[in-house]
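These are the residues of each chain, in order.
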Amino acid sequence: MSLAPLFGYLGDRYNRKIIMGTGILIWAGTTLATSFVADGNEHVWLMLIIRGCVGIGEASYSTIAPTIIADMFADQQRTRMLAFFYFAIPVGSGLGYVVGSQIAAATGSWRWAFRITPGIAVILAGFCFFAITDPPRGHCETANQGSTKYAVKATSWKADMKALLRNKTYVWTTIGFTCVAFTTGALAFWAPTYISAAELAQGIKSTSSTGLIFGAITCASGITGVLIGAESSRRFRNRIPYADAIICGVGLLGSAPFVYVSLFLAEVSLPLVWVLIFIGEVLINLNWTPMADMLLYTVPPARRSTAEAFQILFSHLFGDAGSPYLIGAIADSISTSKQPAFQAYALKYALSITTFVCVMGGAGFLMASFSLVKDRKEAEIHAGNNIKNQIESCTEESYEE
């Protein structure tokens, strides 16, 4: 996470597919190393350090991959490709519950779940090195101007940071995305535990199926939400230029009551809880594609990787990196009893905080709608001027020769 700004800087200036492939290999190596850490409290810090290094791979890939998509596709086609790309987040998270628990059950050890996925990652790293092309930065923007032989030239890091801080749409969407990360991180970590405690409080024998059901719901809601969000963006953006911000804001605001009610019904009707969680997660997942699209068309190509990097850093630092701990600390302050009824009671009120965070995030996205059109226009002008300056510079050099 902390290395995301470094990868953002490199991604705006050097070969992106090499950076991505290297990051994936580091992710694979650290994931595999996790499975060999010995049991015992004395090895906890080693486990934490290795798991922290996994973030190097995420920092490289998550920072750079969307910018490559942006340079390969434009307009509605870009929206479709981003939707396909962002399936990975909810679907991967859901499959982690399902596949990980099944591998652990089949092998009798959690370690094998960390030994299978690195092999897949190595194959994907090979695709990055040998199959993926790294298009010129700003390729779609230069194609619109009939100047495809010119690539957008990187600006200084200081200029990039000043421009991003002045970009109101970027600032507000980053705040909104941080709220999304906070909510999804807390729910992913604590929701299965809370539902299991609620089952035990009702006298229902808790089984491993709770995690499987939650994972399946996460997958299904992720696919559904990303598809609806992308299609809504595609349909409404031409008629309402700030539609993307509205879709993200309405989705987060709409998810809050469903998540809130589901928390207070877990001790009454579990089937209804699963339905409410599904609807709430669908609404949360509406934002992935429109949010990514907003960053890519309101930030000039020369600084997109840097923008992605700092959004990732900020959202993880103030979002899902701390939300599980915060929810756990609040639950402990309410009750430290190991009785299921008391655990469920404490987690119910602790997790309800996520609904208020959803409201804050929705407000952030709605605020972005007021500056979206202006910032998009400025990004287009900046990209055009960048190419124009290069053309003029090349013309002057040819005259001098």
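A brief report on the enclosed structure follows. Because the structure is a prediction, the values reported are computed rather than measured.

## Brief notes about the overall build of the chain
A count of helices and strands for the chain gives 18 helices and zero strands. Computed over its C-alpha atoms, the radius of gyration of the chain comes to 22 Å, within 12% of the 21 Å expected for a compact globule of 401 residues. Principal-axis analysis of the C-alpha atoms gives the chain an extent of 85 × 45 × 30 Å. Among the 401 residues that make up the chain, the fraction classed as buried is 48%. Counted over contacts in the chain with a minimum sequence separation of 6, partners at least 24 positions apart contribute 84%. Total accessible area on the chain stands at roughly 18700 Å², and carbon and sulfur atoms take up 67% of it. Looking at the chain, you have 28 positive and 26 negative side-chain charges, and the mean spots of the two groups are 2 Å apart.

## So, empty space enclosed by the protein
In this approach a probe as big as a water molecule rolls over the atoms, and the regions it shows empty are the leftover space. Throughout the structure, instances matching the rule amount to one cavity of 30 Å³ or more. If you add up the space inside the largest cavity, you get close to 110 Å³. In this structure, the largest cavity is lined by Leu-187, Ala-191, Tyr-194, Ile-195, Phe-214, Val-259, Ser-262, Leu-263, Val-273, Ile-277 and Glu-281. Where the lining of the largest cavity is concerned, the elements lending two or more residues are α9 (168-201), α11 (243-265) and α12 (270-285). Take the lining of the largest cavity: its biggest share by element is four residues, from α9.

## Looking at a nonpolar patch on the surface
Where nonpolar side chains cluster on the molecular surface, the patch consists of Ile-116, Ile-120, Ile-123, Leu-124 and Phe-127 and spans about 490 Å² of accessible area. Judged by its relative accessible area of 47%, Phe-127 is partly exposed.

## Description of the nonpolar core
Counting 47 residues, the largest nonpolar core has Val-180, Trp-288, Met-294 and Phe-365 as the members making the most contacts within it. When sequence neighbours within four positions are dropped, the list of residues in contact with Met-294 reads Thr-173, Asp-244, Ala-245, Cys-248, Phe-365 and Leu-372. Counting 24 residues, the second-largest nonpolar core is a separate cluster that includes Ala-197, Ala-198, Ile-277 and Ala-344.

## Things to note about the pattern of salt bridges
If you walk through the whole model with that rule in mind, you get eleven salt bridges. With a closest N to O distance of 3.0 Å, Arg-303 and Asp-160 form a salt bridge. Placement of the pair is Arg-303 in the loop between α13 (288-298) and α14 (304-320) and Asp-160 in helix α8 (residues 157-166), with a sequence separation of 143 residues. Each member of the pair, Arg-303 as well as Asp-160, carries the same accessibility label: buried. As a salt-bridge pair, Asp-293 and Arg-237 come within 2.6 Å of each other at their nearest N and O atoms. Here Arg-237 lies in the loop between α10 (209-236) and α11 and Asp-293 lies in helix α13, a separation of 56 residues in the sequence. The burial state of Asp-293 is the same as that of Arg-237; both residues are buried. Through salt bridges with shared partners, a single network forms among Arg-16, Asp-71, Asp-134 and Arg-304.

## Here's the deal with the packing of α11 against α12
Here α11 crosses α12 at 160°, and the two axes come no closer than 8 Å. The angle between α11 and α12 places the two elements in the roughly antiparallel class. Judged by the twist between their axes, the crossing of α11 over α12 is left-handed. The residues of α12 that touch α11, namely those facing Gly-251, Leu-252, Gly-254, Ser-255, Phe-258, Val-259, Val-261, Ser-262 and Leu-265, are Leu-272, Val-273, Leu-276, Ile-277, Ile-279, Gly-280, Leu-283 and Ile-284. Taken together, the residues of the contact of α11 with α12 sort by class into twelve nonpolar, five polar and no charged.

## A look at the environment of Leu-10
With respect to the helices and strands, Leu-10 occurs in helix α1 (residues 4-11). A residue is classified by how much of its surface remains accessible, and Leu-10, at 24% relative accessible area, is partly exposed. Expressed as a C-alpha distance, the spacing of Leu-10 and Ser-60, which sit 50 residues apart in the sequence, is 9.4 Å. With sequence-adjacent residues up to four places away left out, Leu-10 is seen in contact with Ile-19 and Arg-137.

Thresholds, definitions, all that
Residues numbered from 1 in each chain as written. Predicted model: local features only at pLDDT ≥ 70, side-chain atom pairs only at ≥ 80, totals over all residues. Heavy atoms only, no water. Helix = DSSP H or I, 4+ residues; strand = E, 2+ residues; numbered from the N terminus. Rg over C-alpha atoms; globule rule 2.2 N^0.38 Å. Buried < 20%, exposed > 50% of the residue type's maximum accessible area, 1.4 Å probe, protein only. Contact = heavy atoms within 4.5 Å. Areas by Shrake-Rupley, 256 points an atom, 1.4 Å probe, with all protein chains shown as cover. Lys, Arg positive; Asp, Glu negative; His and termini not counted. Charge placed at Lys NZ, Arg CZ, Asp CG, Glu CD. 1 Å grid on protein atoms, 1.4 Å probe; cavity = no way out; pocket = protein on both sides within 12 Å on 5 of 7 lines; lining within 4 Å. Points joined across faces, edges and corners; volume = space filled by probe spheres on them. Patch = residues over 30% accessible without salt bridge, like charges linked within 9 Å, V, L, I, M, F, W, Y side chains within 5 Å. Salt bridge = Lys/Arg side-chain N within 4 Å of Asp/Glu carboxyl O. Core = buried A, V, L, I, M, F, W, Y, C linked by side-chain atoms within 4.5 Å. Axes fitted to C-alpha atoms, helices over the stretch in contact; angles between N-to-C directions. Parallel < 35°, antiparallel > 145°, perpendicular 65-115°, else oblique. Left-handed = near helix turned anticlockwise from the far one by under 90°. Nonpolar A, V, L, I, M, F, W, Y, C, P; charged D, E, K, R; others polar.

Read these as geometric descriptors, not functional statements.
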